[in-house]
Amino acid sequence: MTAVPVKNDRAVALWLFAICALLALMIVVGGATRLTDSGLSIVEWRPVTGAAPPLSEADWRAEFEKYKTIPEYAQVNLGMSLADFKEIYWWEWGHRFLGRLIGLAFLLPLIYFAMTRRIDRALGLRLLGLFILGGLQGALGWWMVSSGLSERIDVSQYRLAAHLGLALVLFAAMIWIALDLVSPRARGARHRLAPYAIALMIGVYAQMILGAFVAGLRAGRVYNTWPLMEGRFVPEAYFIGAPGVSDLFESMAAVQFNHRLGAYALFAAALAMMIAARKTALGPRARMVFACVALQALLGVWTVVAATPLALGLAHQATALIVFGASLYLVHGSMSSIEMTASSGAAPAGARGSMAAPTGSESAPMTPFHGTSRTGAPPPDVTTASAPSR
Ligand code: HEM
């Protein structure tokens, strides 16, 4: 595969990290849109013409009339003023507008980098795939919104979880590709703790999806005590009727309890990971993941006892992204040749692939752009690993 010169990797990586930041902002604005009950204020999906907000008073009135036709208006917001309608409209419009902006901020530099041959074909195709996935995410968003326009007064929690789930996949893929550029992985290089790091990252993802069900059912506004729920560890209302799988995703008590349980499991797993990694080059990253999980758990408890006010709901969501990003960073480190060879004396036991083991500090600083020479040759401290994979 053609190697990409370092100079270009840096520009491309910076651009991708900026897109990650925009995606994180998009997810948080999405959370604000939901927490302010604004998500159903635009009842149409016009990917191109919808970019412009209503510009005249007549336009605003027309949008408001459309909103008045859905059950949410009749059952929740009857008699709402135009000024109040504008407020919820701006949130939803802002969320959609940011999505369009991210599309452009991704596509235009992608074309530029491809035309100036600053990314190779393989990377270009991967990024194009992500662009298409981003378009699908927009369609998924509309599918979610449409679930709240006819019979319900809110969106389906299943579709909300799918929308968040795909957003996280995009976020993760973008971070992963950017990390590959700043710190290339060597094929076959694996820290012995890599499988645990991967399991932890999957656990964080699953916990976030459980959180989406809490958010989707507004279950953060009930059972506002901790550690017990209505005086019991396992809430009495866990099952709505006869026990069934659907309760796991449809009972407010169950989704909140499962999310609590997931947090305890994650806390224990992150702690175990930190202890297991303490004398290896993964130590600093494992400590970071644990600190983020612990902070997030505290924030979660605070959010629930305060009955999910806007600021705490948003802080909890934003911190979840940081936890996820940190867990990805840990996994990436566990597959990166540089981190492998940074450990003192010898590569960690169980590591596959034979790496040179330089002497030096236990956790040598991980400098960016150190994995590729200007000609794209493997770094000098990797003896048998293949060239950086992208
Ligand atoms: C430690 C790992 C945790 C992670 C990664 C996590 C992640 C998340 C995520 C992603 C959401 C969905 C946000 C949204 O879509 O708007 C959420 C919602 C929520 N989480 Fe957590 N959470 C964690 C721990 C906790 C704990 C320990 C509690 C409480 C005991 C908690 C309480 C809540 C509540 C109440 C919501 C609903 C907030 C809303 O309606 O906006 N979380 N969580």
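Residues numbered from 1 in each chain as written. Predicted model: local features only at pLDDT ≥ 70, side-chain atom pairs only at ≥ 80, totals over all residues.

Chemist: It is not clear to me how the overall build of the chain should be interpreted in this structure. Could you clarify?
Modeler: Within the chain one finds 12 helices and zero strands. In the chain, 76% of the contacts between residues at least 6 apart in sequence involve partners at least 24 apart. (Helix = DSSP H or I, 4+ residues; strand = E, 2+ residues; numbered from the N terminus. Contact = placed C-beta atoms within 7 Å.)

Chemist: Even after reading the chapter, I still don't get the site of the ligand, so can you show me in this structure?
Modeler: Around the ligand, the surrounding shell holds 30 residues, and the nearest of these are Gly211, Gly220, Ala263, Gly300 and Gly313. Secondary structure elements with two or more residues in the shell around the ligand: helix H1 (6-35), helix H7 (194-216), helix H9 (252-276), helix H10 (283-305) and helix H11 (310-334). Its residues assigned to classes, the shell around the ligand shows 16 nonpolar, 12 polar and two charged. Residue-level mapping places the shell around the ligand at the junction of two domains, with at least three residues from each of domain 1 (1-182) and domain 2 (185-390). (Near = placed C-beta within 6 Å. Nonpolar A, V, L, I, M, F, W, Y, C, P; charged D, E, K, R; others polar. Domains from an automatic or database assignment.)

Chemist: Help me out: how do you make sense of helix H4 (residues 82-115) in this one?
Modeler: Given 3.6 residues to a turn, an α-helix orients residues that are three or four positions apart in the same direction. With 34 residues, H4 ought to run about 50 Å at 1.5 Å a step, and its terminal C-alpha atoms sit 48 Å apart, in line with that. Taken as a whole, H4 has its buried residues at Phe85, Ile88, Tyr89, Trp91, Glu92, Trp93, His95, Arg96, Gly99, Phe106 and Leu110. Following H4 by one or two positions, Arg117 has its phi on the positive side, about 55°. (Expected span 1.5 Å × (residues − 1). Buried ≥ 20, exposed ≤ 12 C-beta atoms within 10 Å, placed from the backbone.)

Chemist: What is the right way to read the environment of Ala186 from this model?
Modeler: Its place among the elements puts Ala186 in the loop between helix H6 (157-182) and H7. When the C-alpha atoms of Ala186 and Ser336 are compared, they prove to be 6.1 Å apart, with 150 residues separating the residues in sequence.

Chemist: It is not clear to me how the packing of helix H5 (residues 121-146) against H6 should be interpreted in this structure. Could you clarify?
Modeler: Axes are the key here: two packed helices are described by the angle between their axes and the distance separating the axes. One way to put it is that H5 packs onto H6 with a least axis distance of 9 Å and a crossing angle of 160°. Accordingly, the angle class assigned to the pair H5 and H6 is roughly antiparallel. As H5 runs across H6, the sense of the crossing is left-handed. Every residue of H6 that contacts H5 at Arg126, Leu130, Leu133, Gly134, Gln137, Leu140, Gly141, Trp143 and Met144 is listed here: Arg159, Leu160, Ala162, His163, Leu166, Ala167, Leu170, Ala173, Met174 and Ile177. (Axes fitted to C-alpha atoms, helices over the stretch in contact; angles between N-to-C directions. Parallel < 35°, antiparallel > 145°, perpendicular 65-115°, else oblique. Left-handed = near helix turned anticlockwise from the far one by under 90°.)

Chemist: Sorry if this is basic, but what is going on with the environment of Arg185 here?
Modeler: Structurally, the position occupied by Arg185 is in the loop between H6 and H7. Arg185 sits in the buried class, given 25 other C-beta atoms within 10 Å. As for Arg185 and Gly333, which are separated by 148 residues in sequence, their C-alpha atoms are 8.6 Å apart.

Chemist: Explain the environment of Arg118 here, please?
Modeler: Mapped onto the elements of the fold, Arg118 is located in the loop between H4 and H5. Given 18 C-beta atoms within a 10 Å radius, Arg118 is considered partly exposed. Considering only alpha carbons, one finds Arg118 and Val12, 106 residues apart in sequence, at a separation of 7.9 Å.

Chemist: Is there a simple way to explain the nonpolar core in this structure?
Modeler: Burial of nonpolar side chains together is a common tendency in soluble globular proteins. Judged by nonpolar contacts, the single largest core of 75 residues is most densely connected at Leu23, Met174, Ala197, Met273 and Val289. Taken together, the elements giving at least two residues each to this core come down to H1, H4, H5, H6, H7, H9, H10 and H11. Here this core takes 13 residues from H6, the largest share from any one element. Looking at this core, you find at least three residues from each of domain 1 (1-182) and domain 2 (185-390). When near neighbours in sequence (up to four residues on either side) are disregarded, Met174 contacts Leu16, Ile19, Cys20, Leu23 and Leu130. (Core = buried A, V, L, I, M, F, W, Y, C linked by C-beta atoms within 7 Å.)

Chemist: Looking at this structure, I do not really get unusual backbone geometry. What am I missing?
Modeler: Among all residues save glycine, negative phi is the norm, and among peptide bonds the norm is trans. Along the chain, Trp226 connects to Pro227 via a cis peptide bond; the corresponding omega equals 10°. Within the secondary structure, Pro227 is located in the loop between H7 and helix H8 (247-250). Look at Ala307: it is not a glycine, yet its phi comes out positive at around 60°. With respect to the element layout, Ala307 can be found in the loop between H10 and H11. Its identity is not glycine, yet Thr308 carries a phi of approximately 55°, on the positive side. As for its placement among the helices and strands, Thr308 is situated in the loop between H10 and H11. By the C-beta count within 10 Å, which is 20 here, Thr308 ends up buried.

Chemist: Is there a simple way to think about the packing of helix H2 (residues 57-67) against H4 in this case?
Modeler: At their nearest, the axes of H2 and H4 sit 11 Å apart, and the two run at 85° to each other. In terms of orientation, H2 lies roughly perpendicular with respect to H4. For the pair H2 and H4, the contacting residues are Trp60, Glu63, Phe64 and Tyr67 in the first and Leu82, Phe85, Lys86 and Tyr89 in the second. Grouping the constituent residues of the contact of H2 with H4 by class yields six nonpolar, no polar and two charged.

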